[in-house]
Every structure is written in C-alpha cells, then in structure tokens.
Amino acid sequence: MDLFKYVLPRLLELMTERELLTDSEIVLSKLTYGDRRTWLEAEQQAIEEFLMAWWVQTLARLSEYSDTRADEALSSIAQAEDNLAPYLDRWFKDESAAAITHLILFIDFGWREEGLKYEAGAFWESRPQQTQQLMAWLYSVPVGQKIEAGLAVASTFGLNPEVEDVCERVRTIIHHYYPQYL
C-alpha cells in the first residue's frame, strides 16, 4: 500500500494530462480497491480535494477529443467516491456555457433509443449506488429543466456544427420522452 500511495500523485497527474494508456476509471477504482477510507484523514481529504478540483476543471473546459468529458470524469469519480451529491450539485449550480454543453453532451453520449433511457456505461456496473444516484439526479425535473434551458441558449455559445447537431438530438429526446420537464 505504501508504494501505491507513493506513486499515486504521479498517476493522478498523468491521468489528468491524458498521458496514461489506461482509463481514468481504472486508475480511480484502485482507490476503492486500496480501501482509501482507512487512510489517514489528511490523505483522504487530499484525494477528495483532488477529485473535486479535477471535476471543476472538467466542467470549465468545453469538451474536445483531447479533454476529459464530463461522462468520463464522473464515471471515474464514481469509482472512488461513495457519494456523488457534491459533484452533481456542483454541476447543477454551474451556469457556464462549458458546464451546460457538458450536460447536453452527457445526455447525447448515454442516450439509448432501445428502452428509451439513459445508460451510464460499463464502468458504472460495479457501482450500483452511484448509478442510482446519477439516474435520480439525471431524471429529476430540475435537471430536465436545466437541460431544456441550456438547449434554448446553446446557440449563443458559438458551438461548432457537431455540437449544434447534438443539441438538436437532445432537444428531440427531451421533448419526445420527457414532456414533464417542460
């Protein structure tokens, strides 16, 4: 365990710089595997501060291929955290164009026509409590209204045509499958 703690800062640095050849979900799952809740309080706090800082940074940047997307970051954080509420609350309160765009892309990335639902992805399967927390948040009326409001102003963000196409798909999803949001 001491070796893991020793190399962890460098692993996290490489992960955030997208220089690791493995998924960030795998890296952060090792924190749960390593039973980090038994670590010293200062070590646990440092991990929590790092995860929140990475989340805030992710939400602040418009998603591009080389950047971490919100779906990947949240899935990764879910591997290490038992409670996603602070991260979901932070996302909900963030009114920036980047955070709203991430939310729109998040819906588009995970939406499945079959079953008419959002699928979180394979890494969520080992974290059922976090998946349930995400789904309750995602399907809540306030989040649906935020998505709808985000779509209404998305054209003012100067988005590229690909993201504008995503906005149209998400608008169709929201209007067709979630009329209670309107």
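> Describe the packing of helix α3 (residues 41-60) against helix α5 (residues 85-93), and please don't skip the residues or the numbers.
Taken N-terminus to C-terminus, the directions of α3 and α5 make an angle of 25°; their axes are 11 Å apart at the nearest point. The orientation of α3 relative to α5 falls into the category roughly parallel. Our pair here, α3 against α5, has a crossing hand that is right-handed. On α5, the residues that touch Glu48, Leu51, Met52, Trp55, Val56 and Leu59 of α3 are Pro86, Tyr87, Arg90 and Trp91. Its residues assigned to classes, the contact of α3 with α5 comprises eight nonpolar, no polar and two charged.

> Please provide a residue-by-residue account of the environment of Val153, values included.
Within the secondary structure, Val153 is located in helix α8 (residues 141-154). Taking relative accessible area as the criterion, Val153 reaches 36% and is therefore assigned partly exposed. In this structure the C-alpha to C-alpha distance between Val153 and Ile100, which are 53 residues apart in sequence, comes to 9.5 Å.

> Explain the side chain of Gln130 residue by residue, including any values.
Mapping Gln130 onto the fold places it in helix α7 (residues 128-138). For Gln130, the residues in contact, after removing those within four places along its chain, are Ala78, Glu81, Asp82, Leu84 and Trp124.

> Go over α7, please, and point to the residues and values.
Considered for burial, the residues of α7 that qualify are Gln130, Thr131, Leu134, Met135, Trp137 and Leu138. The buried residues of α7 all sit within an arc of 160° when viewed along its axis, so they share a single face. Turned more than 90 degrees off the buried face of α7, the exposed positions are Pro128, Gln129, Gln132 and Ala136.

> Hey, could you go over the nonpolar core for me, with residue numbers and the actual values?
Counting residues in each nonpolar core, the largest one holds 48 residues, and the members touching the most others are Trp55, Leu74, Trp91 and Leu134. Here the element with the most residues in this core is helix α6 (residues 97-110); it accounts for seven residues. For Trp55, the contacting residues outside a window of four places in its chain are Ala70, Ala73, Leu74, Ile77, Tyr87, Arg90 and Trp91.

> Kindly report on the packing of helix α2 (residues 24-33) against helix α4 (residues 70-80), identifying the contributing residues and their values.
In a pair of packed helices, the angle between the axes and the distance between the axes together describe the arrangement. At a minimum axis distance of 6 Å, the contact between α2 and α4 shows a crossing angle of 20°. Relative to α4, the element α2 is oriented roughly parallel. Note that α2 runs across α4; the crossing there is right-handed. Every residue of α4 that contacts α2 at Ser24, Glu25, Leu28, Ser29, Leu31 and Thr32 is listed here: Glu72, Ser75, Ser76, Ile77, Gln79 and Ala80.

What counts as what
- Residues numbered from 1 in each chain as written.
- Predicted model: local features only at pLDDT ≥ 70, side-chain atom pairs only at ≥ 80, totals over all residues.
- Heavy atoms only, no water.
- Axes fitted to C-alpha atoms, helices over the stretch in contact; angles between N-to-C directions.
- Helix = DSSP H or I, 4+ residues; strand = E, 2+ residues; numbered from the N terminus.
- Parallel < 35°, antiparallel > 145°, perpendicular 65-115°, else oblique.
- Left-handed = near helix turned anticlockwise from the far one by under 90°.
- Contact = heavy atoms within 4.5 Å.
- Nonpolar A, V, L, I, M, F, W, Y, C, P; charged D, E, K, R; others polar.
- Buried < 20%, exposed > 50% of the residue type's maximum accessible area, 1.4 Å probe, protein only.
- Arc of directions from axis to C-beta.
- Core = buried A, V, L, I, M, F, W, Y, C linked by side-chain atoms within 4.5 Å.

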